[in-house]
Amino acid sequence: MTLYPLFVFMLLTMSFLISLIERKIKRFYFFKFKVTGYIENIEKTQKRIKMSETSVQSLKNIAIKIRISSVETTAAAKSGHPTTCSSCAETLSVLFFRIMRYKACSPREPCNDRFVMSKGHAAPALYAVWAEIGLIPTEELLNLRKIDSDLEGHPTPRLSFVDVGTGSLGQGLAVASGMAYIGKYIEEASYRVYCLLGDGECAEGSIWESINFASFYKLDNLCAIIDVNRLGQAGPTMFGHDVEKYQKRLDAFGFHTIVINGHEVEELISAFESAEKIKDKPTAIIAKTIKGKDFPGIENEDNWHGKPLGDKTEAVLQHLRTLLPPDINTFDFTIKQPLSKVKAVNINNIFLSKLPDYTKGDKVATRNAYGTGLLKLAETNPRVIAFDGDMRNSTFSEYLLKAKPKNFVECFIAEQNMIGAATGACTRNRCVAFASTFAAFLTRAFDQIRMAAISQSNINICGSHCGISIGPDGPSQMGLEDLALFRAIPTCTVFYPSDAVAAERAVELAANTKGITYIRTTRSATPVIYDNNQIFKIGKANILLESRADKVLVIAACITLVETLEAAKLLTASGIYIRVMDPFTIKPIDKNGIIKHAKEVNGRILVVEDHYAEGGIGEAVLSAVAEENDITVKIAAIKEVPRSGDPTALLDFYGIDSVSIVGYVQDILRGRC
């Protein structure tokens, strides 16, 4: 009897040990399967995936459901583009329910395949897809285009399954190319990027900039699908249904091209599977489709672009429903999971690897310091990437290229694609992108910048060679509209550093600032005016000269700040003192600081800027003091199209040099302004 408890204890112990060993073995094989790919289990899994792939018939049914939803939702909204949704229904069905690999419950998972709806007016079709997946309640679809719904007329990142805003045509492929570039060269990941284009938008030059870029960088993880439905808004597209013309052009650019019937599910599957096997070339699937497919009386007819179906709605819906199996409410489908994970990335709290290291009074161009700051950031964070438009030896982004070539993307002279690609690179917080060129040339990419703001992008932009101070190159190279351009962008922070120290700190702050940022840099070398440990803050101006005897507040930046400091010496010699303010950021501008210091000099402000009068620092200051009484503002700016010349002569000719500033201050004190 006394041995019985011991016997029971031994049995229980042995049972526990056997169970523990069994769990360890199972865990080992699970780990082995998960990490190294245990051969037997992989084969079983592959067979199971093969068997459970969404069937061809289910894909056809889902396409019909997409059409039905697009008709219903646009009818409810009394606006929209049901016919263009119809032409791409099979493409979306095959992509999302057979080809793409993603986690449906987490659409922005970094390891997911990406999709860009460049033809953004087909948004209702995309919403129908995600409703079928289960991410959007079906009843919410009927709130399309309503003010309290995120289902807007064109996709925006208010929605978790949308990376970028689209709808301004010709831009989606640039964004997709930026995503693909990061995936292939920075992430070295398995995810693929798909971009659905309309045939009408292929008339945009920006599309061909992106095609050129994708081919040059051999983005074999990129697949463009051109929905050739023949009809644009006002009539037939440039090439109609001549798909061979599209094929020849894309072949010439170095794409792998496949021409298919875009309504044949089997052809779509075959084309996408073929694209996955292509190496060192991006793929373009040229899908010949019908606008208004399966809409009786509307199919392939002109004058139905951007219109709900009106009194034809019920007839079309009845016809579409007859194409579905009777009493079908749900569809069997399987979504493939990503092939692998991607590395965790931290792009928060990025800082310079070293403090600025300059000597006061030495002359250094702020464009030069921009390049130095960029390199210092990349030394502390490998996800700092520079995009440049063949200006790297002028913007000085070349510093990053020479030290860390993997972190530099040459976009050549194609500014629209450069901004779009940088926007794509920033999606899902996988890198911090800086894009640089001459400020004057950013005007041609204004639409891409505007759409980047709509896309809630964190792209950073640098414009060099600002103002007339660049000298003999003349007005075509002078950035004189840039502050106005970027001040108009709703999410944009505008930096205007006045010396090399401020420029490096502007780069650092930009990297950590949400939204668009713009850094304005100057060609000419200017004196270093700040200590290397100077603290800079967004929206906080710095006072460089101040006394109780000050009579006028002069606000200036960089070139004109240098001239203002020289003017202060001349004025002091004659017994006149001025307060000198460096704004540092033009948006947000230091409203409180401007008002405070203006009131301390009896409400007199002089703004001197190397920019057109419209939209520049002066108008920002006027806006800041608009509700204040007894503050007057005089603006000295460029008021006509300038000409070539020596920088010093140009500053004098257009009245923004030190001598002119002395005259303005004297006139203000005499009451002449």
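The structure displayed is predicted, hence computed values, not measured ones.

Please explain the overall build of the protein as it appears in this structure.
Each helix and strand counted, the protein has 23 helices and 19 strands in total. C-alpha extents for the protein along the principal axes are approximately 100 × 90 × 50 Å. A buried classification covers 56% of the 673 residues belonging to the protein. Looking at the protein alone, contacts between residues at least 24 apart form 79% of all its contacts between residues at least 6 apart. Entry remark: accessible area of the protein is about 28600 Å², with carbon and sulfur atoms responsible for 53%.

Would you take a moment to explain the environment of Ser644 for this structure?
Among the secondary structure elements, Ser644 is positioned in the loop between strand E19 (632-638) and helix H22 (647-653). A sequence separation of 173 residues divides Ser644 from Gly471, and the C-alpha atoms of the two residues are 5.9 Å apart. Discounting chain neighbours no more than four positions away, the residues touching Ser644 are Gly471, Pro472, Asp473, Gly474, Pro475 and Leu650. Side-chain polar atoms of Ser644 contact the backbone oxygen of Pro472, separated by 3.0 Å.

Is there a simple way to think about the nonpolar core in this case?
What tends to happen in soluble globular proteins is that the nonpolar side chains get buried as a cluster. Within the largest apolar cluster, 87 residues are counted, with the highest numbers of intra-cluster contacts made by Phe387 and Ile605. The dominant element in this core, judged by the number of residues it contributes, is helix H7 (residues 172-187), at eight residues. With 61 residues, the next largest nonpolar core counts Leu59, Val162, Phe272 and Ala287 among its residues.

Would you mind showing me how to read the state of the cysteines here?
What we call a disulfide is simply a covalent bond connecting the sulfur atoms of a pair of cysteines. Within the structure shown, the criterion is met by zero disulfides. Cys411 takes part in no disulfide bond, and the closest cysteine sulfur to it belongs to Cys431, at a distance of 12 Å.

Just checking my understanding: could you explain the side chain of Ser457 for this structure?
Position of Ser457 among the secondary structure elements: in the loop between helix H16 (446-454) and strand E10 (460-464). A residue is classified by how much of its surface remains accessible, and Ser457, at 6% relative accessible area, is buried. Reaching out from Ser457, the side chain makes a polar contact with the backbone nitrogen of Ile459 at a distance of 3.2 Å. Once you skip the residues sitting within four places of it in the chain, Ser457 turns out to touch Thr423, Cys426, Ala452, Gly515 and Ile516.

Can you walk me through the UniProt feature "domain: Transketolase-like pyrimidine-binding" (unreviewed entry) in the protein in this structure?
The sites that carry the UniProt feature "domain: Transketolase-like pyrimidine-binding" (unreviewed entry) are, in the present numbering, residues 364-528. Taken end to end, residues 364-528 has its terminal C-alpha atoms 7 Å apart, with 39% of it in helix and 19% in strand.

I tried to follow the sheet that holds strand E3 (residues 222-228) on my own but got confused; where do I start?
Note: strands within a sheet are paired through backbone hydrogen bonds, in either parallel or antiparallel orientation. With parallel pairing, five strands are arranged side by side in an open sheet as E1-E2-E3-E5-E4. Each end of this open sheet is capped by a strand with a single partner; those strands are strand E1 (114-117) and strand E4 (256-261). The average undirected angle you get between the axes of adjacent strands in this sheet is 20°. Taken together, the six bridges between E4 and strand E5 (residues 283-288) define a ladder with parallel strand orientation.

Is there a simple way to think about the pairing of E10 in this case?
Two faces make up the sheet, and in a regular strand the side chains alternate between them. Counting buried residues along E10, five of its five residues qualify, which places the element largely inside the surrounding structure. Burial along E10 is two-sided: the residues Asn460, Cys462 and Ser464 and Ile461 and Gly463 are all buried. Two strands pair when backbone bridges link them, and strand E9 (residues 432-438) and E10 are joined in this way by five bridges, in the parallel orientation. What sits directly across from Thr437, in E10, is Gly463. Taking the sense of rotation as the criterion, the β-α-β connection linking E9, H16 and E10 turns out right-handed.

Any chance you could explain unusual backbone geometry here in plain terms?
A negative phi angle is the norm for most residues apart from glycine, just as the trans form is the norm for most peptide bonds. The residue after Lys587, namely Pro588, is reached through a cis peptide bond having omega -5°. In this fold, Pro588 is placed in the loop between strand E17 (585-587) and helix H20 (591-600). The residue Cys558 is not glycine, and still its phi comes out positive at about 55°. Mapped onto the secondary structure, Cys558 falls in the loop between strand E15 (550-556) and helix H19 (559-573). Judged by relative accessible area, Cys558 falls into the buried class, the value being 0%.

Where do I start with the packing of H19 against helix H23 (residues 658-669) in this structure?
The angle between the axes and the distance between the axes are what describe a pair of packed helices. Interhelical geometry of H19 versus H23 gives an angle of 60° and a closest axis separation of 8 Å. Regarding the angle of H19 to H23, the classification is oblique. Note that H19 runs across H23; the crossing there is right-handed. For the pair formed by H19 and H23, the contact residues are Thr560, Glu563, Thr564, Glu566, Ala567, Leu570 and Leu571 on the first element and Ser658, Ile661, Val662, Val665 and Gln666 on the second. In the contact of H19 with H23, the residues fall into six nonpolar, four polar and two charged.

In this structure, what is going on with the pattern of salt bridges? I would like to understand it.
A side chain of one charge can pair with a side chain of the opposite charge if their charged atoms are brought near each other. For the structure on display, the rule yields 32 salt bridges. When the shortest N-O distance is used, the salt bridge between Lys184 and Asp220 registers 3.5 Å. In this pair, Lys184 is assigned in helix H7 and Asp220 in the loop between helix H8 (205-216) and E3, connecting sequence segments 36 residues apart. Using a relative accessible area of 21% as the deciding quantity, one classes Lys184 as partly exposed. Residue Asp531 is joined to Lys360 by a salt bridge in which the shortest nitrogen-to-oxygen separation is 3.2 Å. Note that Asp531 is positioned in the loop between strand E13 (525-527) and strand E14 (542-545) and Lys360 in the loop between helix H11 (313-322) and strand E6 (363-365), a separation of 171 residues in sequence. Relative accessible area serves as the criterion here: at 48%, Lys360 is assigned to the partly exposed category. In this structure, a network of salt bridges that share partners links the residues Glu546, Asp550, Arg579, Lys596 and Glu600.

When you look at the environment of Glu546 in this model, what are you seeing that I'm missing?
Structurally, Glu546 is set in the loop between E14 and E15. Classification of Glu546 by relative accessible area gives partly exposed; the value is 49%. For the pair formed by Glu546 and Met581, sequence separation is 35 residues and the distance between their alpha carbons is 9.0 Å. With near-sequence residues (within four places) excluded, Glu546 lies in contact with Arg579, His597 and Glu600.

Teacher, can you tell me more about helix H3 (residues 56-77) here?
For the α-helix, the turn length of 3.6 residues means that residues three or four positions removed from each other point alike. With 22 residues, H3 extends 32 Å from end C-alpha to end C-alpha; this agrees with the ideal 32 Å at 1.5 Å per step. Directly beyond the C-terminal end of H3, a positive phi value near 60° is found at Lys78.

Looking at this model, I keep getting lost on the packing of aromatic side chains. Mind explaining?
Any two aromatic rings considered together are summarised by their centre-to-centre distance and by the angle between their planes. This model, assessed by the stated rule, comprises 24 aromatic pairs. Residues Tyr181 and Tyr185 carry aromatic rings whose centres are separated by 4.8 Å and whose planes lie at 40° to one another, so their mutual orientation is tilted. Taken together, the residues Tyr181 and Tyr185, both in helix H7 and four residues apart, mark about one turn of the helix. What makes Tyr185 partly exposed here is its relative accessible area of 28%. What links up through ring pairs into an aromatic cluster is the set Phe96, Tyr102, Phe115, Tyr127, Trp130 and Phe161. One cation-aromatic arrangement involves Arg114 over Tyr191; the distance from NZ or CZ to the ring centre is 3.7 Å. The ring of Tyr496 is capped by Arg520, whose NZ or CZ atom sits 4.9 Å from the centre of that ring.

Can you walk me through the sheet that holds E17 in this structure?
Spatial strand order, E8-E7-E9-E10-E12-E11-E17: seven strands in an open sheet with mixed pairing. Since the sheet does not close on itself, it has two edges, and those belong to strand E8 (408-410) and E17, each with one partner. Within this sheet the neighbouring strands show an average axis-to-axis angle of 20°, counted without direction. Both strand E7 (residues 384-388) and E9 contribute to a ladder of five bridges, which runs parallel. Bridge pairing in E9 places Asp388 opposite Ser436.

What counts, and where the lines are drawn
Residues numbered from 1 in each chain as written. Predicted model: local features only at pLDDT ≥ 70, side-chain atom pairs only at ≥ 80, totals over all residues. Heavy atoms only, no water. Helix = DSSP H or I, 4+ residues; strand = E, 2+ residues; numbered from the N terminus. Buried < 20%, exposed > 50% of the residue type's maximum accessible area, 1.4 Å probe, protein only. Contact = heavy atoms within 4.5 Å. Areas by Shrake-Rupley, 256 points an atom, 1.4 Å probe, with all protein chains shown as cover. Polar contact = N/O pair within 3.5 Å; in protein donor to acceptor, adjacent residues only side chain to side chain. Core = buried A, V, L, I, M, F, W, Y, C linked by side-chain atoms within 4.5 Å. Disulfide = S-S within 2.5 Å. UniProt positions renumbered as here; feature names shortened; annotations may be inferred. Pairing = 2+ DSSP bridges. Axes fitted to C-alpha atoms, helices over the stretch in contact; angles between N-to-C directions. Right-handed = clockwise from strand over helix to strand, strands pointing away. Parallel < 35°, antiparallel > 145°, perpendicular 65-115°, else oblique. Left-handed = near helix turned anticlockwise from the far one by under 90°. Nonpolar A, V, L, I, M, F, W, Y, C, P; charged D, E, K, R; others polar. Salt bridge = Lys/Arg side-chain N within 4 Å of Asp/Glu carboxyl O. Expected span 1.5 Å × (residues − 1). Phe/Tyr/Trp six-rings, centres within 6.5 Å; stacked < 30°, edge-to-face > 60°. Lys NZ or Arg CZ within 6 Å of the ring centre and 35° of its normal.

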